[in-house]
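What follows is the residue order along each chain.
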Amino acid sequence: MARSANKDEAGGVTHLVAALARALREQQRLSQTEVGAMTGYTGSAISAMETCAQPPSDQMLVKLGETIGAGLGVFEKAREYVLMDKYPARFRGFSAMEAAALTLFSYETLVVDGLFQTEEYARALITGGYPPVSEQKREELVEARLARRALLDRQPVPMIELILEESVLRRPFGSWEIQRGQLRSLAEDAQRPNVTIQVLPLARGLRGTYAGDRGPMKLIETKDHEHVAFMEIEDQSILVSDPAEVSQLTHRYAKIRAQALSPDDSLSLIEQLAGEKQR
């Protein structure tokens with residue numbers, strides 16, 4: 001059932017790579033078993049890749065390029081796009097925009113932004129979600145999510161801001177040790193020169209003003225210097241490009257930022273919580 005679902009969900013790039021792999025294999029008069037032996041996979045794994053029952057992993061694409069790629073470089077070039085195919089459909093269009101962003105401002109209310117998630121946190125989060133996914137699909141989603149971290153080190157360097165509700169820091173997934181690992185990772189990322197992380201305190205509403213009540217959002221400046229907003233809720237996504245609407249969301253984000261702890265105080269809180277032992 002899971003493999004049948006994968007065939008239905010596979011994107012265009014995954015289908016194209018599968019067809020290309022099969023064509024190159026047949027052109028070289030190789031069986032699936034032989035290609036599997038050459039790449040370190042089973043013949044069944046090669047068959048699953050060619051039928052899109054199991055999309056190729058990043059490592060499989062590397063091996064296919066080295067063995068049957070005929071020096072064309074197509075499997076190497078496909079790696080980025082195959083990873084995007086593994087994202088949920090609602091996120092695929094935005095993923096390319098995020099990867100090329102000049103600036104990315106994110107406000108999250110429930111979980112750590114996927115761009116900053118550790119492997120263990122991402123796996124625990126996806127495992128516990130609903131509806132449940134197969135182990136194979138879970139690992140594909142984890143792989144795709146971790147690949148987003150390439151943005152943090154990309155050249156030219158993007159400007160990245162993340163504002164988290166304090167409750168996100170206190171809400172564990174999987175185990176307290178996984179949560180502490182995630183907090184330690186956040187503390188490390190907060191010290192990158194192109195990254196700013198701030199925390200909106202739980203008690204902010206007691207001050208009489210709280211701008212975060214409308215939920216999470218992402219604001220992006222694209223490589224073409226256009227400004228857009230992206231929001232997700234209950235498996236639905238909204239991409240806003242109307243300048244007036246983006247302006248209003250930008251003003252709201254600025255208010256949320258002003259109500260959050262300073263970057264230094266936020267880092268101190270994250271480090272404090274990372275060191276706490278929970279029972």
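Just above, that's the structure.
Residues numbered from 1 in each chain as written. Predicted model: local features only at pLDDT ≥ 70, side-chain atom pairs only at ≥ 80, totals over all residues. Heavy atoms only, no water.

S.K.: Kindly report on the packing of aromatic side chains, identifying the contributing residues and their values.
M.R.: This structure, assessed with the given rule, holds three aromatic pairs. Ring centres of Phe-105 and Tyr-253 lie 5.4 Å apart, and the angle between their planes is 10°; on these two criteria the pair is classed as stacked. Taken as a pair, Phe-105 in strand E1 (residues 103–108) and Tyr-253 in helix H12 (residues 243–259) lie far apart in primary sequence, 148 residues in all. Of the two residues, Phe-105 and Tyr-253, neither departs from the other in class, the shared state being buried. Above the ring of Phe-105, the side-chain terminus of Arg-257 is found at 5.4 Å from the ring centroid. (Phe/Tyr/Trp six-rings, centres within 6.5 Å; stacked < 30°, edge-to-face > 60°. Helix = DSSP H or I, 4+ residues; strand = E, 2+ residues; numbered from the N terminus. Buried < 20%, exposed > 50% of the residue type's maximum accessible area, 1.4 Å probe, protein only. Lys NZ or Arg CZ within 6 Å of the ring centre and 35° of its normal.)

S.K.: For the nonpolar core, give the residues involved together with the corresponding values.
M.R.: Membership of the largest hydrophobic core comes to 33 residues, with the highest contact counts inside it found for Phe-116, Leu-169, Leu-186, Ile-197 and Ile-270. Within the residue set of this core, elements represented by two or more residues are helix H7 (89–99), helix H8 (119–127), strand E2 (159–165), helix H10 (166–170), helix H11 (176–190), strand E3 (195–200), strand E5 (227–233) and helix H13 (263–275). Of the residues forming this core, the biggest block, five residues, is contributed by H13. For Leu-169, the contacting residues outside a window of four places in its chain are Leu-164, Gln-179, Leu-183, Leu-186, Val-199, Leu-269, Ile-270 and Leu-273. Judged by nonpolar contacts, the second largest core, of 15 residues, contains Val-17, Ile-46, Met-60 and Phe-75. (Core = buried A, V, L, I, M, F, W, Y, C linked by side-chain atoms within 4.5 Å. Contact = heavy atoms within 4.5 Å.)

Function cannot be read off these values alone, since they describe shape.
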